[in-house]
Amino acid sequence: MTWKRQWPRRQVLRIGGALLASYGVGVAGCGQGSENVATGNLNLSELLARWEVGTGEDPGRFLWEIESDPQVAAVARGWDPHFLSGWLNSFDHRQGDLSFWRNWHQAGLLRQWFERGYSLHIITWEDDTTRPCGDYHLSPQFIQDVAELAGYIAQANPQGRPTYWSLATEFSYWRIPADTYNADTAPYYRALMRNILRARQAIKERLPEAEVALCWGGWIATFDDPRRGAGRSMVEPFAETMSQMDGIAFQSMRQRRPGEFNPELNGPDPGNPEQIRLCCRLFAPIHRNLMLAHYEPSIKDKHPNGGRADTVQVDFEIMSRPEWLQEVSQLGLRRLSLMHYGLYKGDPYGALTAARQFRARVGLPAIAQRV
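The present account deals with the structure reproduced in this document. (Residues numbered from 1 in each chain as written. Predicted model: local features only at pLDDT ≥ 70, side-chain atom pairs only at ≥ 80, totals over all residues. Heavy atoms only, no water.)

## A closer look at the packing of helix H11 (residues 272–283) against helix H13 (residues 322–330)
What counts, and what does not: Interaxial angle, 0 to 180 degrees, is taken between N-to-C directions of lines fitted to C-alpha atoms, where a helix line uses only the stretch in contact. The secondary structure listing takes helices from DSSP runs of H or I that are at least 4 residues long and strands from runs of E that are at least 2 residues long, numbered from the N terminus. Should an angle fall under 35 degrees it is called roughly parallel, over 145 degrees roughly antiparallel, and 65 to 115 degrees roughly perpendicular, with every other angle called oblique. In this scheme the crossing of two helices becomes right-handed for a clockwise turn of the near helix relative to the far one and left-handed for an anticlockwise turn of less than a right angle. In this analysis, two residues are considered to be in contact whenever any of their non-hydrogen atoms come within 4.5 Å of each other. Three classes are used, and their members are as follows: Ala, Val, Leu, Ile, Met, Phe, Trp, Tyr, Cys and Pro are nonpolar, Asp, Glu, Lys and Arg are charged, and the others, Gly among them, are polar.
Following both chains from N to C, one finds H11 and H13 inclined at 30°, their axes separated by 9 Å at the closest point. With respect to their mutual orientation, H11 and H13 come out roughly parallel. Crossing handedness for the pair H11 and H13: left-handed. Touching Pro273, Ile276, Arg277, Cys280 and Arg281 of H11 are Trp324, Glu327 and Val328, all from H13. Residues of the contact of H11 with H13, tallied by class, amount to five nonpolar, no polar and three charged.

Here's what the structure looks like:
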């Protein structure tokens, strides 16, 4: 499985730093509801104890390399993941492909992973090299695929441990114009929302304890154009659907360090920590169970082993600060998954050291066996 980002053509921040600097989405109403009240009453140490972390992209390869590669073993020790992330997309990225999941299931590996103390996180995506795209997520095949995979997991997980599902990641880019809800894109997105709810039902019928979320590209929180229904203004039409889900997921894959010059903005880049914070502020009024489904400072041609480890080091230093953790935790962020673990091998630029320091701040020790 590979992830071929197309960042040079993504101009989602064209509105620029001025909008980002002036962004002040209110969180009035975040104190509503029993879950929100409970979260608001927790102190920082209690909030951080609720966190879980994961790693992707290939659970089978990760666990095999723990035994065969000392550098991967060091990543596993330092990051100590609670769950393993895997992708439900084919090798050509154009439709679902359950072949490797079937092989893992038939070989008994899914059950072994749960027995070792790990849970699973499944992400679905589509190739957006040519747009419009996204038809797989409207199809009956998508529902059949998630139902089949949920059935495998139910057999492998008789103890009923929660699993996490981040559906249709980066979907806002699949139609033209990108990141926009208007008269042209609304029919597709309405159909997508209906099928996402069908997918959730199919998963929950087999895995009642599953937590199923719609997954956004995190850039959506960094700009706004209410007149066009773009950026943050795109989110409101999805609020009813998202409120029926078990949470909201998003990604953050900005390659530049916070404050580094970004030619697309003609100014400093806000960086991943700020984008994550803005996503939490944007989505918390809708749902207080938030997940950073895949984090990586991405350079597309360097997948599957990542992008900029120097950005990782700075990001995790910022995200380890009490004030950042306090805000995002109170807003409902409680899970974070690395997109690829290869970027941390050998601790380039101190990336693994910084990630390990962050991991020491969040979550209880994982149940998984130590390596």
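## Some details on H13
Heads up, the rule is: In this scheme, a residue with accessible area under 20% of its type's maximum is buried, one over 50% is exposed, and one in between is partly exposed, where area comes from a 1.4 Å probe on protein chains only. The arc under discussion is defined with respect to the helix axis, by the directions toward the C-beta atoms.
All of the buried residues in H13 are Trp324, Leu325, Val328 and Ser329. For H13, the buried positions fall inside an angular range of 115° around the axis, keeping them on one side. Phi turns positive, to about 115°, at Gly332, one or two residues after H13.

## Remarks on the packing of aromatic side chains
Defined as follows: Think of it this way: a Phe, Tyr or Trp ring, Trp meaning its six-membered ring, pairs with another when their centres are within 6.5 Å, and the plane angle makes it stacked under 30 degrees, edge-to-face over 60, tilted otherwise. By definition here, charges over rings are those cases where NZ of Lys or CZ of Arg is within 6 Å of the ring centre and within 35 degrees of the ring normal.
Throughout the structure, instances matching the rule amount to 22 aromatic pairs. Seen from their ring centres, Trp104 and Trp113 are 5.2 Å apart, and the 65° between their planes marks the pair as edge-to-face. Residue Trp104 is classed as buried on the basis of its relative accessible area of 10%. On the accessibility criterion, Trp113 (4% relative accessible area) is buried. Taking 6.2 Å as the distance between ring centres and 25° as the angle between the ring planes, the aromatic pair formed by Tyr181 and Tyr189 counts as stacked. A network of ring pairs unites the aromatic residues Phe171, Tyr181, Tyr188, Tyr189, Trp216, Phe238, Phe250 and Phe283 as a single cluster. The ring centre of Tyr173 lies 4.1 Å from the NZ or CZ of Arg131, which sits over that ring. Taking NZ or CZ as reference, Arg175 lies 4.0 Å from the ring centre of Tyr188, over its face.

## Here we look at the nonpolar core
To keep it simple, the criterion reads: Among buried residues, those of type Ala, Val, Leu, Ile, Met, Phe, Trp, Tyr and Cys that are joined through side-chain atoms within 4.5 Å constitute a nonpolar core.
Residues Trp165, Trp216, Phe316 and Tyr344 are the most contacted members of the largest nonpolar core, which totals 93 residues. Setting aside chain neighbours within four positions, we find Tyr344 in contact with Val75, Tyr295, Val312, Phe316, Leu338, Ala351, Leu352 and Ala355. Listed in part, the seven residues of the second largest apolar core include Phe83, Cys215, Met291 and Ala293.

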